[in-house]
Amino acid sequence: MADILKVEGLSFRYPDSPKNAVSDFELSIPEGEIVVLAGPSGCGKSTLLRTVNGLIPHMYGGEYSGDVLVAGSSVKRSSMRDLAQTVGFLFQNPENQIFMFSVERDVAFGLENLGVPREEMRARVDEALRLLRIGDLAQRAPHELSDGQKQRVALAGVLAMRPKLVILDEPTSLLDPKTASELVALVARLRKELGTTFVVVEHRLDLLVGVADRLVVMDGGRKVLEGTPRDVLFRDEAEAHGVAVPAVTKVQKLLAGRDAGRAAAGRLLTPSGLASAVEGRQA
Amino acid sequence: MMWLSGGFIFRRGDSFYHRLDPRAKLLNSVLMFVTTLLARSIFEMVLVIVFMVGLSAAATVLKRVARTMAFTALFSGFIFVVNVLFTRDLETSVLYAIRFIAIVVSTSIFFITTSPDELEQVMKMFRLPRDVVFAFVTAVRFIPVMMLDTIQIMDAQKSRGLELEKGNLIRRVRNMIPILIPLVVNSVVRSGELAEAMEARAYGAVPRPTSLLVYRARRADVGVVCAAVVLFAIAAYSFYFVVPVRFP
């Protein structure tokens, strides 16, 4: 399948900063994948994301070399208007991306800006509300919503623009565990129903390993590890780069050290995987 | 303070008046405003106020309009005293004092029955630039957020030993600085994030953005506008051309 996102030798340095925020970065993401981007705070994840939807270089100045291609066209040469329709960006704090007084108006915000005719806008807003199952909130004001609901509203506003690629910047950081796992289930469902590609920056990897196709680890502005979550998390470097290795994986690594036979059960990432492995051994 | 300022903040309601077209509500408030300026006697002014109170009751906002009146009464007391001192004319002074209340009430009725969404529509109708309308929209949108911010900052500073309720007036004003600085810094950070989110949602992509909602005048709106104009004409005529009616 064609690559929806291709980062080619990208380096970027903010003005007044002594070192690159992102260095010699290479990445190809085929359409329809869920990719998790992990790494310690300040490792350049947010900067990388901003080069994908064009905030860098269109809104921020700085030293930019290499190229980022979204659906085959260069971000540098695309307008914010075109990029906004291909790349959806869910920022960390949902509060600061809800502009209007009612949920449905806010979901329509991007479409209004693009000059989408009213009938089509109505249909797309209703579709987005339905996808996120927040139709009952349509008339609510932002301050009447919980954090989880705000997150859904913000995501609905992004999806109404029908982006091929959606970026989620630490989407669960303000959510309680239950709402967070609901959000992850939602991402998996949207990928299945719409074929949307997701790039997710996330620290709570145990939430996402079950649905992610790929895990990319960044440190110091560079890509240090890349592969399926299973491959990356069982590498010893993963923890050294500050990746939160799921407890199940840690348990298995510990057991593997003591009894080589147990490791043969396969590399485990999730509690359900562990449960069935244990059951299998008992049977 | 919060209790009193409630007289100008919209809260969702469901009366015939709330449902009117925002343009009809605006016209109505403007006409009431002008009528208060035309009234020449206390009796006429009281008539205008009685009308506005009746309208508020019909719009189920009487309690909040009463708050507005209580709030403005403080100022109108001041206006009365100043007028008595300068004009030595009791009737005129009372008239001015009541007129002030009436003016505030006429605008208050508009603001407490018109949602921010509708206000935005009215601003668009006056062909204000999109940026101006949007600035207004975000300002109103973030009022509750900033209020929450303020409370959190106050709690945080109090837990660090800041004593807000102590000292004389100057001291108290100075005590607000540790509240204001984080609040301003927060808002600046927030505005940066908002700008990014606006770009990501294609703000300014086309010169004439479309709108999800559309306001069309219905029969009820036309009816109310006609009634308002007729009433205004009668009031204006009698206040202006007929000898002023006074309390006996």
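*Asks:* Outline unusual backbone geometry, supporting the account with residue identities and numerical values.
*Replies:* Backbone torsion omega between Ile56 of chain A and Pro57 of chain A reads 5 degrees, so that peptide bond is classified as cis. Here Pro57 of chain A shows up in helix H2 (residues 55-58). Phi at Arg133 of chain A takes a positive value of approximately 55 degrees, unusual for a residue other than glycine. Looking at the element boundaries, Arg133 of chain A is found in the loop between helix H5 (118-131) and helix H6 (147-159). Phi is positive for Arg88 of chain B, close to 55 degrees, though the residue is something other than glycine.

*Asks:* Before we move on, could you go through the interface of chain B and chain A and cite the residues and values that matter?
*Replies:* Between chain B and chain A, the contact holds 28 residues from the first and 34 residues from the second. Contributing elements (two or more residues each) for the side of chain B that touches chain A: helix H7 (116-125), helix H8 (130-141), helix H9 (143-159) and helix H11 (177-200) of chain B. A class-by-class count of the residues in the side of chain B that touches chain A yields 15 nonpolar, 5 polar and 8 charged.

*Asks:* Give a description of the sheet that holds strand E5 (residues 73-74) of chain A that names residues and reports values.
*Replies:* Residues and elements named next belong to chain A. Spatial ordering of the open sheet is given by E2-E1-E4-E5, a layout of 4 strands whose pairing is antiparallel. Edge positions in the sheet fall to strand E2 (22-30) and E5, since each has one partner strand and no second. Relative to E2, strand E1 (residues 3-13) is paired through 6 bridges, and the arrangement is antiparallel. Paired with Leu5 across the two strands is Ile29, which belongs to E2. Across the sheet, helix H1 (residues 45-52) touches E1, E2 and strand E4 (63-70), and the angle it forms with E1 is around 120 degrees.

*Asks:* Lay out the packing of H9 of chain B against H11 of chain B in plain terms, naming residues and giving numbers.
*Replies:* All names here are of chain B. For the pair H9 and H11, the least separation of the axes is 9 Å and the interaxial angle reads 135 degrees. The orientation of H9 relative to H11 falls into the category oblique. Once H9 is placed against H11, the crossing between them reads as right-handed. Between H9, through Met146, Asp149, Thr150, Ile153, Met154 and Gln157, and H11, the contact on the second element is made entirely by Pro178, Ile179, Pro182, Leu183, Asn186 and Ser187. The class makeup of the residues in the contact of H9 with H11 is 7 nonpolar, 4 polar and 1 charged.

*Asks:* Could you give an account of the pairing of strand E10 (residues 222-227) of chain A, with specific residues and numbers?
*Replies:* Residues and elements named next belong to chain A. The sheet contact formed by strand E9 (residues 214-219) and E10 spans 5 bridges and is antiparallel. Within the sheet, the bridge partner assigned to Val216 lies in E10 and is Glu226. Between E9 and the antiparallel strand that follows it, E10, lie 2 residues; Gly220 among them carries a positive phi value of about 55 degrees.

*Asks:* Hey, could you go over the packing of helix H4 (residues 103-114) of chain A against H6 of chain A for me, with residue numbers and the actual values?
*Replies:* All names here are of chain A. Where H4 meets H6, the axes come as close as 7 Å, and the angle between the chain directions of the two elements is 35 degrees. The element H4 and its partner H6 pack so that their crossing is right-handed. For the pair H4 and H6, the contacting residues are Val103, Asp106, Val107, Phe109 and Gly110 in the first and Val153, Ala156 and Gly157 in the second. Looking at the contact of H4 with H6, its residues break down into 5 nonpolar, 2 polar and 1 charged.

About the thresholds
- Residues numbered from 1 in each chain as written.
- Chains lettered and ligands numbered in written order.
- Predicted model: local features only at pLDDT ≥ 70, side-chain atom pairs only at ≥ 80, totals over all residues.
- Helix = DSSP H or I, 4+ residues; strand = E, 2+ residues; numbered from the N terminus.
- Contact = placed C-beta atoms within 7 Å.
- Nonpolar A, V, L, I, M, F, W, Y, C, P; charged D, E, K, R; others polar.
- Pairing = 2+ DSSP bridges.
- Axes fitted to C-alpha atoms, helices over the stretch in contact; angles between N-to-C directions.
- Parallel < 35°, antiparallel > 145°, perpendicular 65-115°, else oblique.
- Left-handed = near helix turned anticlockwise from the far one by under 90°.

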